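Listed below, chain by chain, are the residues.
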Amino acid sequence: MEMSGEYLIPANRLEVWNALNDPAILKMSIPGCTELEALDPQHLTATVAIKVGPVSAKFKGEVELSDIIEPVSYRISGEGKGGVAGFAKGGASVTLEE
C-alpha cells in the first residue's frame, strides 16, 4: 500500500514540529495506532491494529525517527510482528514548510 498527501495545518512550523515529536499526538497521525510509547527521543514502541478484508491483526513493534533536521524534516519508519498475520513494515518522510 502506498499513501501520500499534503496537509495545511494552521500553526507555525515549530508548533507542528513539537506536536509531531509528542508521542500522544504522533500516535493520532499513524493509521490504526493504539499505543505509542517513547523509549528515547528517536525510538518508540508501538501497537497498530490493521484490518485487511476479513482479516484483523494487531502488530507490536518499534518506530524510529531518523534523518532529523530540526524543525524541518524527519523520516519515520517502523516494523512489527503480528503473530500468525506475519510482519508489517512501513515508513514516511515528513517535511514541514511555513
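Above this text is the structure in question.
The structure contained in this document is the topic of the report that follows.

Criteria and thresholds
- Residues numbered from 1 in each chain as written.
- Predicted model: local features only at pLDDT ≥ 70, side-chain atom pairs only at ≥ 80, totals over all residues.
- Heavy atoms only, no water.
- Helix = DSSP H or I, 4+ residues; strand = E, 2+ residues; numbered from the N terminus.
- Buried < 20%, exposed > 50% of the residue type's maximum accessible area, 1.4 Å probe, protein only.
- Areas by Shrake-Rupley, 256 points an atom, 1.4 Å probe, with all protein chains shown as cover.
- Pairing = 2+ DSSP bridges.
- Axes fitted to C-alpha atoms, helices over the stretch in contact; angles between N-to-C directions.
- Polar contact = N/O pair within 3.5 Å; in protein donor to acceptor, adjacent residues only side chain to side chain.
- Contact = heavy atoms within 4.5 Å.

1. A look at the overall build of the protein chain
Okay, step 1: Each helix and strand in the protein chain was counted, giving two helices and five strands.
Okay, step 2: The principal-axis extents of the C-alpha atoms in the protein chain amount to approximately 45 × 30 × 20 Å.
Okay, step 3: Here the protein chain holds 98 residues, and 22% of them are scored as buried.
Okay, step 4: Summed over its atoms, the accessible surface of the protein chain is roughly 7,300 Å², and 55% of this surface lies on carbon and sulfur atoms.

2. A few points about the sheet that holds strand β1 (residues 33-40)
Okay, step 1: Spatial strand order, β1-β2-β3-β4-β5: five strands in an open sheet with antiparallel pairing. For this open sheet the edge positions go to β1 and β5 (87-95), each flanked by a neighbour on one side alone. Going across the sheet, the axis of each strand differs from the next one's by a mean of 25 degrees, ignoring polarity.
Okay, step 2: Pairing analysis gives nine bridges linking strand β4 (residues 73-81) to β5, with the strands arranged antiparallel. Along β5, the bridge assignment pairs Gly78 with Gly90.

3. Details of the environment of Asn12
Okay, step 1: Position of Asn12 relative to the elements: it lies in the segment before α1 (13-20).
Okay, step 2: With 86 residues separating them along the chain, Asn12 and Glu98 place their C-alpha atoms 6.5 Å apart.
Okay, step 3: For Asn12, the side chain forms a polar contact with the main-chain nitrogen of Leu14, separated by 3.0 Å.
Okay, step 4: At 2.9 Å, the side chain of Asn12 forms a polar contact with the backbone nitrogen of Glu15.

4. A look at the side chain of Thr47
Okay, step 1: Structurally, Thr47 can be placed in strand β2 (residues 43-52).
Okay, step 2: Residue classification places Thr47 among the buried positions, given a relative accessible area of 4%.
Okay, step 3: Residues contacting Thr47, with those up to four places away along its chain left out, are Gly32, Cys33, Thr34, Glu35, Lys58, Phe59 and Lys60.

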